[in-house]
Amino acid sequence: MRSLTAKLAVPAGAVALTLALAGCAGGNSTSNAGDQTLTVDTSFVVKTLDPGTVYEQTGNIAVHALYDTLVTYEGSDVTTLQPELAESWEQSSDGTTWTFTLRDDAVFSDGAAVTAEDAVFSLNRLKNLQGSASQTVQGLDFAAEGDDTVVVTSETPNPDVPVILAMPAASVLNSAEAKKLGATDAEDAATSDQIGTQLDTASLGSGPYVLKSYDPSTKIVLTANPKYWGEQPAYSRVVIQNVDVQNQKLTISKAKGDEIALDLSGPQAAELSDDLQVSGVADTSYFLSLNQDPAVSAVTSNPAFVKALRLTVDGEGLAKLFGEGATPAAGLVPPAFAGALDESENPVQDLDGAKKLLADAGLSDVKVALVYPAITYRGVDLGTIVTKVQQDAKKAGIEIELTPQPINVFLQSQSEGKNEINFSPNSLNYPASSSLVNNMAPGASTSLRTGWTLERADQSAIDASNAVTAELTPEGRNEAMIEWQHVMNEVSPYIALANNAGIVVATSDLTGADYTPAGWTVDLAAIAGK
Amino acid sequence: MTILPSDRVAVSRASRFRRDRLRVGGSLGTGSFWRPLTVVSLGIIVLWCLLAAFAPWVAPYDPLETVGDNLQPPSGAHWMGTDDLGRDVLSRLIWGSRLSLPLAVAIVACSLLVGGIVGLAAGYFGKAVDNVAMRLADLVLAFPQIILAMAVAAAFGPSVGNAVLALVIVSWPLYARIIRSSVLSVREQEYVVAGRMLGLPTLRSIVKDVIPNSAGPALVMSTIELGNAILMLAALSFLGLGPRPPAAEWGAMIALGSQNLGNWWVSLFPGLAILTIVMAFNLLGDAIQDHLDPRSRNARTR
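Predicted model only: the values in this text are computed from it and were never measured.

We now examine the domain arrangement of chain A. All names here are of chain A. In terms of domains, chain A is made up of domain 1 (31-276 + 507-529) and domain 2 (282-502). A C-alpha centroid distance of 33 Å is found between domain 1 and domain 2. With 22 residues of domain 1 at the contact, the number on the domain 2 side is 24 residues. Broken down by secondary-structure element, the contributors of at least two residues to the side of domain 1 that touches domain 2 are helix H4 (161-164) and helix H8 (266-269). Ranked by residues supplied to the side of domain 1 that touches domain 2, first place goes to H8 with four residues.

As structure tokens, then:
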């Protein structure tokens, strides 16, 4: 049974479902998940398990299980924040201050109570360590009021604060113990923090698991935290093991139970046996950006050409190339996040319309160069995707010359802003769709690389972008993002193509193995036997 | 200094190419050349050449168009299945020969031309010219061929022309060395010296006496190298440094299929295409070499 294909259920699916349920019933009677081991297959990308510096995928998965954050997300839903260490939080009316009230029963794995002081220490340390994740909390100030209140202030209104504080990097450490090991939250923490790799041998968190062993090349072993303040996790032991992508498919196909795989691509997942569960959420968008600088290209800077090329896109066909869980792109926000356009707004390919636009604009026999990184991203060769774009554009008389570049060359040429058309994947740093406006509004960083300056942009795009930033609440911003995308689909140089899904594959005896775009891929503590 | 197969060919053969020009053609009629393996190799090469020449009529579909569902295994409609974009693998394979074969010939021809000129100059003039040219050749040969080709292709950007250029840059020294060593012995022959003494200008001496008598070993070498050129070209496009997509190129086709080996047909058939043609060229090259140099054949069959 696959959660993804459930909606496409056919009679054969119903048979598989029955079989799967029968299989689970058998599994339940023979085993109790409580003293069992959960095996997680993933291709390791991990440098550290220190929450202050963690940034890579595998590290985030483990840190999320070892530590707690003030707020969090449940399952694959990243539209609604859930309480974790904080039982409630509120934003001041001017939007610059967030107040988090901590619950009083949370304790660390050594039994010490979690206090506001611990949270402030951890967040200040994250900010001052100057690691990769530190950038997201720059401009925020953290202060404790009493034992149970954390106050976060920023100079400008920042509705994304709770979203940022759900990141694994914003996890709360046992500050007393951490200080004993040499940790500091001082402003010069980047040089004066002396904890080194000690958090790679023992964790200092309040999460459902504690660290048993860590080997960055083979495996990470977690055991249940006996003093966990919440509900005990179903599995007493979790082994995260390093398995390369090609072998994951084989391993998970042969697994008898209690196993999940995290790095299968959409096309691979589509080929798995129906006995496995596939959970995926479309959270990465792929888009073209057309250079608006007439000096770079008279063609791509012509609004009629942008519109025409947009009409040639075959979203359904592109989504098929990405495999399981992928969707056509209605707008620039992937459907996983609040503020995405409804799928009923998916654009429809209109080759005649495209031809007419080109003819009216006097553009005939146009030839443009499309530059893309020659990489495989999430198991999909980007060359395949752009070849499809090329095929569709050709049907409307647009000749696209594909230019693959090694990733470092691509990044360089992209930042120089001299490419006619760029193609690249785009993921959000944290699950707040309005963060796209920071990069993609007219005159913002990504836009400048495509020559879309404030002078060249249509006023409606500037207004819509300002409307998003003017909103002070998360709800208001998500609302404004809908209108923003409508405007961007009309006048921006960005053409959203399709959204690719992150995928978690689990054996049929498990529940709760849901892919999440929140940053930690899957919540290990939520996984249980059926 | 490394001893290359080219040196062996050159040294052992130099004395046989005296005034009798290329005897290859003349003596192929005798029995020893037409061994079964040679016939099969020639057959395979001829077959691929025919496929390349008649690709538009032989290939069942357009190699660049989506003509079926994505990733269909081999079936009656698509003998070798379809790839990620629903393109017919068989058609792409056949059209791929239109890239690989002419490009391999171009690579070898250009290398032969560049290497030939350098080798001739080095061998005929000797002294400083020889030293400079051969040290330059040594410099290029000091790098692993494929790594250097990758660096060159990456520096120029991916395209057909640049891939060919990169491979010419890494393979001309082979020919320069082999021709130089032939020329070294030919230029001391009496007829060359006599010609010079009769007042033949340098250029005429080279064209009339030296080239015809020193080209043989290099031509044998180029047969063997044709296979190598196909392989290196495929390697470059496997790494994304060859012809730009969506061109049907064997190396690029293998790269596409390697993402997911479950769809074995996407990679297997272009792999087999490369295997057959490269092996055929190598066996043919070996046969020619053995035929021209019975000593090395005996050494092999003993």
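A word on the confidence of the model for chain A. Taken over all residues, the pLDDT of chain A has a mean of 89, while the share at 70 or more is 94%. In this model residues 1-33 of chain A is a low-confidence stretch, pLDDT under 50, and it forms 36 contacts with partners more than four residues away in sequence or in other chains.

What follows is about the UniProt feature "domain: Solute-binding protein family" (unreviewed entry) in chain A. This chain's UniProt record puts "domain: Solute-binding protein family" (unreviewed entry) on residues 81-441 of chain A. Secondary structure across residues 81-441 of chain A divides into 27% helix and 24% strand, with the first and last C-alpha atoms of the span separated by 26 Å.

As a further point, take the packing of helix H11 (residues 216-238) of chain B against helix H12 (residues 250-258) of chain B. Residue and element names in this part refer to chain B. Between H11 and H12, the shortest axis-to-axis distance is 7 Å and the interhelical angle comes to 45 degrees. By the criterion of interaxial angle, the relationship of H11 to H12 is oblique. As H11 packs across H12, the resulting crossing turns out to be right-handed. Only Trp250, Gly251, Ala252, Ile254 and Ala255 of H12 make contact with H11, whose side of the interface consists of Leu233, Ala234, Ala235, Leu236, Ser237 and Phe238. Class assignment for the residues of the contact of H11 with H12 results in nine nonpolar, two polar and no charged.

Between chain A and chain B, the contact holds 20 residues from the first and 15 residues from the second. Elements with a contribution of two residues or more to the side of chain A that touches chain B: H8, helix H10 (315-322), helix H12 (382-395) and strand E17 (399-405) of chain A. The element contributing the most residues to the side of chain A that touches chain B is H12(A), with six residues. A class-by-class count of the residues in the side of chain A that touches chain B yields six nonpolar, ten polar and four charged.

Our focus in this paragraph is the packing of helix H3 (residues 36-53) of chain B against helix H5 (residues 89-125) of chain B. Residues and elements named next belong to chain B. Close contact between H3 and H5 brings their axes to 8 Å; oriented N to C, the two are set at 105 degrees. The angle between H3 and H5 places the two elements in the roughly perpendicular class. Seen from H3, the contacting residues are Trp48, Cys49, Leu51 and Ala52; seen from H5, they are Ile94, Ser97, Arg98 and Leu101. Residue composition of the contact of H3 with H5, grouped by class: six nonpolar, one polar and one charged.

A few words now on the UniProt feature "domain: ABC transmembrane type-1" (unreviewed entry) in chain B. Mapped onto this structure's residue numbering, the UniProt feature "domain: ABC transmembrane type-1" (unreviewed entry) falls at residues 97-285 of chain B. Segment residues 97-285 of chain B splits into 84% helix and 0% strand. End C-alpha atoms: 20 Å apart.

Residue and element names in this part refer to chain B. Under the local residue numbering, the UniProt record ascribes the feature "transmembrane region" (unreviewed entry) to residues 37-59, 99-124, 136-156, 162-179, 218-242 and 262-285. Taken as a whole, residues 99-124 contains 100% helix and 0% strand, while its terminal C-alpha atoms sit 36 Å from one another. Between the C-alpha atoms that bound residues 218-242 the distance is 27 Å, and the span itself is 84% helix and 0% strand.

Soluble globular proteins tend to bury their nonpolar side chains together. All names here are of chain A. Grouped together as the largest cluster of nonpolar side chains are 151 residues, with contacts concentrated most on Leu66, Ile260, Leu497 and Val505. It is strand E19 (residues 494-506) that provides the largest number of residues to this core, a total of ten residues. Residues lining this core come from more than one domain, with at least three contributed by each of domain 1 (31-276 + 507-529) and domain 2 (282-502). The contact partners of Ile260, leaving out residues within four places of it in the chain, are Val40, Val504, Val505, Ala506, Leu510, Ala513 and Val522.

Residues and elements named next belong to chain A. Strand order in this open sheet of four strands is E4-E5-E7-E6, and the pairing throughout is antiparallel. A single partner strand is all that each edge strand has here, and the edge strands are strand E4 (86-91) and strand E6 (140-145). Neighbour-to-neighbour, the strand axes of this sheet turn through a mean angle of 20 degrees, independent of strand direction. The pairing of E4 with strand E5 (residues 97-102) spans five bridges and is classified as antiparallel. Among the inter-strand pairings, Gln91 is bridged to a residue of E5, identified as Trp98. Contacting E5, E6 and strand E7 (149-154), helix H3 (residues 116-128) crosses the sheet at an angle of about 165 degrees to E6.

The residue after Pro245(B), namely Pro246(B), is reached through a cis peptide bond having omega 5 degrees. The topology assignment puts Pro246(B) in the loop between H11 and H12. Although it is not a glycine, Asp258(A) sits at a positive phi angle of roughly 55 degrees. Topologically, Asp258(A) is positioned in the loop between helix H7 (245-254) and strand E11 (259-261). Notably, Asp365(A) is not glycine yet its phi reads approximately 50 degrees, a positive angle. Looking at the element boundaries, Asp365(A) is found in the loop between helix H11 (351-360) and strand E14 (367-373).

Analysis parameters
Residues numbered from 1 in each chain as written. Chains lettered and ligands numbered in written order. Predicted model: local features only at pLDDT ≥ 70, side-chain atom pairs only at ≥ 80, totals over all residues. Domains from an automatic or database assignment. Contact = placed C-beta atoms within 7 Å. Helix = DSSP H or I, 4+ residues; strand = E, 2+ residues; numbered from the N terminus. pLDDT = per-residue confidence, 0-100. UniProt positions renumbered as here; feature names shortened; annotations may be inferred. Axes fitted to C-alpha atoms, helices over the stretch in contact; angles between N-to-C directions. Parallel < 35°, antiparallel > 145°, perpendicular 65-115°, else oblique. Left-handed = near helix turned anticlockwise from the far one by under 90°. Nonpolar A, V, L, I, M, F, W, Y, C, P; charged D, E, K, R; others polar. Core = buried A, V, L, I, M, F, W, Y, C linked by C-beta atoms within 7 Å. Buried ≥ 20, exposed ≤ 12 C-beta atoms within 10 Å, placed from the backbone. Pairing = 2+ DSSP bridges.

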